[in-house]
Amino acid sequence: MKHFVFGKNWSKHSAFFILDEIQKVINENSKCNIIVTGGSSAKRVYLSLGKFENFQKLKNVFFYLSDERCVSLTSKFYNYKMIKKSLLKNNKNKFYKIN
């Protein structure tokens, strides 16, 4: 487990760590499955990660949304929209919802 101190750049440091781990998994397995969640802290990390050019170029990464809330797909509280606009804005990998 990696611990990041809440400071000015914690989300960027977290994003670097996640990107490095994704690249390790892809190198070993040729693909990577990631479960993502919503929330304001996650959004900060997703915004940082989504800006990295190396992240934008990744292939064979499959994202799955784990959202425990039962809201309509069109609800402003549905995390899919936030994740698409932050984490996956410039990334063409596949995104799935876990029911």
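Residues numbered from 1 in each chain as written. Predicted model: local features only at pLDDT ≥ 70, side-chain atom pairs only at ≥ 80, totals over all residues. Heavy atoms only, no water.

Caption draft 1: Spatial organisation of the confidence of the model for the chain. With 82% of its residues at a pLDDT of 70 or more, the chain shows a mean pLDDT of 83. Taken element by element, the chain is modelled with least confidence in strand β3 (residues 94-98), mean pLDDT 59, and with most confidence in helix α1 (residues 10-29), mean pLDDT 94. (pLDDT = per-residue confidence, 0-100. Helix = DSSP H or I, 4+ residues; strand = E, 2+ residues; numbered from the N terminus.)

Caption draft 2: Representation of α1 in the model. Helix length check: α1 (20 residues) gives 28 Å between terminal C-alpha atoms against 28 Å at 1.5 Å per residue, within 8%. Turning to α1, its buried residues number three or more, namely Trp10, Ser11, Ser14, Ala15, Leu19, Ile22 and Ile26. The arc that holds the buried residues of α1, viewed along the axis, is 165°, so those residues lie on one side. For α1, exposure combined with an orientation more than 90 degrees from the buried face picks out Asn27 and Glu28. Here the buried face of α1 lies against β1 (32-36), α2 (40-51), α3 (53-56) and β2 (61-66). (Expected span 1.5 Å × (residues − 1). Buried < 20%, exposed > 50% of the residue type's maximum accessible area, 1.4 Å probe, protein only. Arc of directions from axis to C-beta. Contact = heavy atoms within 4.5 Å.)

Caption draft 3: Expanded view of the packing of α1 against α2. Here α1 crosses α2 at 65°, and the two axes come no closer than 8 Å. Judged by the twist between their axes, the crossing of α1 over α2 is right-handed. Along its contact with α1, which presents Trp10, Ser11, Lys12, Ser14, Ala15, Ile18 and Leu19, the element α2 presents Ser41, Arg44, Val45, Ser48 and Leu49. In terms of residue class, the contact of α1 with α2 is built from six nonpolar, four polar and two charged. (Axes fitted to C-alpha atoms, helices over the stretch in contact; angles between N-to-C directions. Left-handed = near helix turned anticlockwise from the far one by under 90°. Nonpolar A, V, L, I, M, F, W, Y, C, P; charged D, E, K, R; others polar.)

Caption draft 4: Molecular detail of the environment of leucine 87. Residue position: leucine 87 is located in the loop between α4 (79-86) and β3. Overall, the relative accessible area of 1% leaves leucine 87 in the buried class. Sequence separation between leucine 87 and leucine 49 is 38 residues, and the spatial gap between their C-alpha atoms is 6.4 Å. Not counting the four nearest positions on each side in its chain, leucine 87 is found in contact with Val36, Tyr46, Leu49, Gly50, Phe55 and Phe63.

Caption draft 5: Up close: the nonpolar core. Membership of the largest hydrophobic core comes to 23 residues, with the highest contact counts inside it found for Ile22, Val36, Phe55, Val61, Phe63, Ile83 and Leu87. Contributing elements (two or more residues each) for this core: α1, β1, α2, β2 and α4. Per-element tally for this core: the top contributor is α1, with five residues. The contact partners of isoleucine 22, leaving out residues within four places of it in the chain, are Cys32, Ile34, Phe55, Leu58 and Val61. (Core = buried A, V, L, I, M, F, W, Y, C linked by side-chain atoms within 4.5 Å.)

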